[in-house]
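Structure at a glance
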Amino acid sequence: MPLVDNYGRVAITKSGVLVPARGSNWVGLIGSNPWRQEGFLELGEDYLLSGFFAGVKTPEKGLLKFLETHVGASDIPYVSPPNAAIPTISAPLTKKNAVLLLQWIHNLKCKGIRIPEKFLTSIKEGSWLRVSISGCSCYRPPSQSFLLTSSLGTLLQSGSVLVDIPLIDENFYGETMNEFKEELKTMGVMFEYKEACEFIGKRLMSLADSSNLTRNNVFSILNFIKFLRENYLPLDSFIQSISGGRWLRTLRGDRSPDGSVLFDDEWKAASQVSDIPFIDQEFYGGEILCFKTELKLLGVIIGFNKNYQLVVNCFNSSANLSSLTEEAFTLILRCIRSLGNSSGELIRCLKEKKCIKTNRGYKFPRETFLYSPEWSCLLHVFNSLSQIDENFSGTSLLLYKNELKQLGIVVAFEEAAKVFAREFEQHVLSLSIRKENLLLFLECCRKLKGTPYKFPSGLKQTIREKKWLRSCFGDYRSPKECILFGPDWELISPITLLPFIDESESCYGKNIYDYKNELKGVGVVTEFHEGAKFVASGIRFPSNPSTVTSESVLCLLECTRNMQQQGKKDSLPDAFLKRVHSHEWLKRYAGYRTPDNCCLFDSKWGSFLNQKDGPFIDEGFYGSGISSYREELHALGVTLNVENGCRLIAGYLSSHSNFATIVRIYRYLSEFKWEPDCDSAKVIWIPNGKEDGEWVSPKECVIHDKDGLFGAKLNVLEKYYDLRLLSFFSSALDVKSHPSIGDYCQLWKEWENSGRKITLANCCAFWAYIAEHWSSKAEKTLAESLVKVPVDAGSEISLLRKCDVFIADDLQLKDLFEKSSSPSIFVWYPQPNLSYLPRRKLLEIYRKIGVRNISESVQKQEISLLVGMQLKPVNPKEVLIGRGLFKLILGFLAAKPSLKVEAERRHESMEKLLRLSIYEAAAPVEISYSLPLSSGDTVIVKACRMVRWEKESSKLFTQKLERTGGHKKLIEYATYFAEVISKGVLWEDEDHMFELCELIKLGCLLDFNEEAIGFLMKTKNLQIFKEDEEFLASAFPLD
């Protein structure tokens, strides 16, 4: 609906509509229009006037009622308040306006309309409400006003002489205010007794803050509290409002009552150590003592009542605590006990103060200890801590051991032991443990013995292992490394350097012996049987072993026994054994030696040897008691068991020259199968009578010399020793059973160099050995060593350079050269053939060592050819070389076991015949052979034969057979033919050559007819085998 505002403007849109200002409540209460900024339309005054329109008369304000109904035009107390401060409310309001404002708030609350914040704040803080203070009226904000019952208000105002309570002036407002209690509460008006007390308290505290609270003011407060208490009024709110304020004067300045203390005798001890906020009784006078109940209500501490926390909180850390009374110190201990972990700061502070009275003045707690008759002696050893003064502590401190301990004071043996351990280690490092310290310590050990007080394991270990005891060597050692000298040590001393405790007057003196048990308790060796380890490390033998007495040695063996009992039975310290084995101190029958070079004689040894046969300990020097230390001697390296003494007995062997003694020793060594560990131990005695002879190397000896070739070169042991010892020499000393190839070569060299002839027996013996032991190694040795080889010289053998001696592999050549040369140029071989020296094998050996075949060495010249003689190649069958000849030869070779010709070798011999090229001449073939020698000479021979076989060229030369020449020509041809073929086949075996030659000769006369040959073979008990038949079939496939 369009409306006209107070400026005459027509408006359609608006947030709300206000009634015209004239005569309105909002103008009377507020004055200006605070809704304008919120879009409210203020109606013009024309809407208040009467009028006549369209025949209808409207009375004054009649139109306004219409607008209130239909467009919501409103006025206070019905209009919604603006969110703005109302300036007029900051000043006093009339009763009417005050009631109107209350009514406005009432309507808003009833409608549930939220009251804007700025609007409400201006109401609460505006001084528009009329109040009565001490009978006088004035205006105050609602938030500083009270509406109490008349009796309570009067009571409070009469009880408080310092603060007037602003009560709403009910004489001015009448009973109306009681109708708007909720609205007044919303505005901030206070109705409760509690709120009144808090108001009084705040006012008082503001006075205290401005330092306007005098001594009398304080007493007024106390009196007010007393008034409330006596009138049975609640005190909590008032006390709560003032107890936190700093208005109570104390010795530490103005403070709040809460935590302040009213001094009395119970606080006397505490006042010595703490700055406690005692109420300043000099300021307040004795009158303050009349208000203990009120002070206590305010939080003032009345009486001590175990208030240990306050003592600790106020502890004066900067105070000089070197004059504390027993009571004050006891109070501190009670505080620590009472507060437990909360007393940490107090404990830390006290630890840094010299607050403990001792026999040497005031000391830090860590420098003191509480006396104990049982263990305080431990702290007297180094006197580093001070004992708490008995007059200072009395017996009361004994009740606070735990608290004293927390301060660092030594109160128990365990702490004392730690302190001692610390001091002990410091003195050890500085090497400053003197005689008096040691004697005090040992005296304390004696005192503690049998008591419950035992050194902790760590301290025990420190005492036992640290180097703090001075030895006779001038150095410092741990107790377990020292010995307390006694009579039992005298015998071992000459051969040892032992760390005895320094008993000189400049060190510990003789009094040290009074504490033998205590020294033993800390690890010092006091008994001889316990000190074996020192002997092990301190053994020192003199350079002259003859000064070592038998008593000292027996004492050493006793120590060795102790060592074995204390450690591993079969193990002694390496260093000890090294020293024992590095000196010759143990007496044998023949001088002094190390234990590992000695034996202990007994009946078992006597079964083989005499006492002086070997390195046996001299029982005459040591006495029979030495035998009781068998195990100890064995541990030191002395040989006890007869089966283990071979090395030592063998080493002692070379000191003897008596043959019977040496034989006993050899038999002992043989019995236990001794084998030397080095070549130097290998020696053999070659006797020359009973007491003379020489020691020789096994390399110079041989067990047997069956041919007697080496009597001048080698010692033949079978001449001197029995068979059992000969076997021992062979196995243990590697003596050769027979001379070696090397020995034989050396012997041959001597023969070569001598220029003399050798006997047939010696030559046979030499080459028989070579043949028996022939090998590739022997071949190499002989080829390199032998320069000369044997040739036949009648009854003896000559030796010639092997380059001028030849193997007669061609007997025809042999015959030619033997007739024309002297001496012989052909190598020797035994005749007849010897079973132990086969000719074939010997010739093979000659060939392997460099002797040449004669057939390969001669230079030939066919003289007949030079004069124009013609040679005609012919078929082998034409000269009787065919199946019949082959069958006869194969049968002969197969049937003679002495030949030992296997099928393969038989066939090889026949292959040579098959490969022959045969030439026929009209006349006998004359050939010249020349043989150059190393001397420069040349031997020349000539031959003229009907048949000739040149092996190197595989040619057979034959004169044409003239069968008309008669039987003489036939037998002559057959003879030459048979000789050539038999020598060609059996040139290495002359013993069977003649027999074969005769068969071939007979076969030749039979033209080698197979049937005739077969009959001949049967008569001679000859046959061929299947493999021979197969060979013949392959060689003569067409026959």
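Residues numbered from 1 in each chain as written. Predicted model: local features only at pLDDT ≥ 70, side-chain atom pairs only at ≥ 80, totals over all residues. Heavy atoms only, no water.

Next up on the list: the overall build of the protein. Along the protein, the regular secondary structure elements total 46 helices and 37 strands. The C-alpha radius of gyration computed for the protein amounts to 74 Å, which surpasses the reference 31 Å derived for 1039 residues by more than 25%, pointing to a less compact arrangement than a globule. Here the C-alpha coordinates of the protein stretch approximately 210 × 120 × 50 Å along the principal axes. Residue pairs at least 24 apart in sequence account for 67% of intrachain contacts in the protein once pairs closer than 6 positions are excluded. Working note: accessible area of the protein is about 51100 Å², and carbon and sulfur atoms make up 49% of it. (Helix = DSSP H or I, 4+ residues; strand = E, 2+ residues; numbered from the N terminus. Rg over C-alpha atoms; globule rule 2.2 N^0.38 Å. Contact = heavy atoms within 4.5 Å. Areas by Shrake-Rupley, 256 points an atom, 1.4 Å probe, with all protein chains shown as cover.)

Before going further, it helps to spend a moment on the pattern of salt bridges. Two side chains bearing opposite charge may form a pair once their charged atoms approach each other closely. In this structure the tally under the stated criterion is 33 salt bridges. One salt-bridge network, held together by shared partners, links Glu844, Arg847 and Lys848. (Salt bridge = Lys/Arg side-chain N within 4 Å of Asp/Glu carboxyl O.)

Let's shift gears to the side chain of Ser372. With respect to the secondary-structure elements, Ser372 resides in the loop between strand 16 (368-369) and helix 18 (377-380). Looking at Ser372, its side chain comes within polar contact range of the side chain of Glu374, at 2.8 Å. (Polar contact = N/O pair within 3.5 Å; in protein donor to acceptor, adjacent residues only side chain to side chain.)

Attention now goes to the sheet that holds strand 33 (residues 917-921). Pairing is mixed in the open sheet, where 4 strands are placed in the order 32-33-37-36. Two strands bound the open sheet, and with one partner strand each, they are strand 32 (872-873) and strand 36 (947-950). Sheet analysis places strand 36 next to strand 37 (residues 955-959), joined by 4 bridges and oriented antiparallel. The residue of strand 37 that forms the bridge with Trp949 is Leu956. Its contacts with the sheet place helix 43 (residues 967-985) against strand 36 and strand 37, and it is angled at close to 15° to strand 36. (Pairing = 2+ DSSP bridges. Axes fitted to C-alpha atoms, helices over the stretch in contact; angles between N-to-C directions.)

The gaps left among the atoms become clear once a water-sized probe is rolled over them. What the largest pocket holds in volume is close to 410 Å³. Those elements giving two or more residues to the lining of the largest pocket turn out to be helix 22 (435-448), helix 23 (457-465) and helix 24 (516-521). Class assignment for the residues of the lining of the largest pocket results in 7 nonpolar, 3 polar and 5 charged. (1 Å grid on protein atoms, 1.4 Å probe; cavity = no way out; pocket = protein on both sides within 12 Å on 5 of 7 lines; lining within 4 Å. Points joined across faces, edges and corners; volume = space filled by probe spheres on them. Nonpolar A, V, L, I, M, F, W, Y, C, P; charged D, E, K, R; others polar.)

This part is about the packing of aromatic side chains. As enumerated under the stated definition, the model contains 52 aromatic pairs in all. Measuring from centroid to centroid gives 5.3 Å for Phe413 and Tyr453, while their planes differ by 50°, and the two rings are tilted. In this pair, Phe413 sits in helix 21 (residues 413-429) while Tyr453 sits in the loop between helix 22 and helix 23, placing the two residues 40 residues apart along the sequence. On the basis of an interplanar angle of 85° and a centroid distance of 4.8 Å, the ring pair of Phe485 and Phe500 is categorised as edge-to-face. (Phe/Tyr/Trp six-rings, centres within 6.5 Å; stacked < 30°, edge-to-face > 60°.)

Attention shifts here to the sheet that holds strand 9 (residues 167-168). With antiparallel pairing, 3 strands are arranged side by side in an open sheet as 8-7-9. Sheet topology places strand 8 (136-140) and strand 9 at the edges, where each strand pairs with a single neighbour. Bridge analysis of strand 7 (residues 129-133) against strand 8 gives 5 bridges, and the strand direction is antiparallel. Across the sheet, Arg130 pairs through a bridge with Tyr139, a residue of strand 8.

Let us look at the pairing of strand 36. Across the two faces of strand 36 the burial is the same, with Val947 and Trp949 and Arg948 and Glu950 all buried. Turn length for the strand 36-strand 37 hairpin, with the two strands adjacent in sequence and antiparallel, is 4 residues, and the turn residue Ser954 shows positive phi of about 50°. (Buried < 20%, exposed > 50% of the residue type's maximum accessible area, 1.4 Å probe, protein only.)

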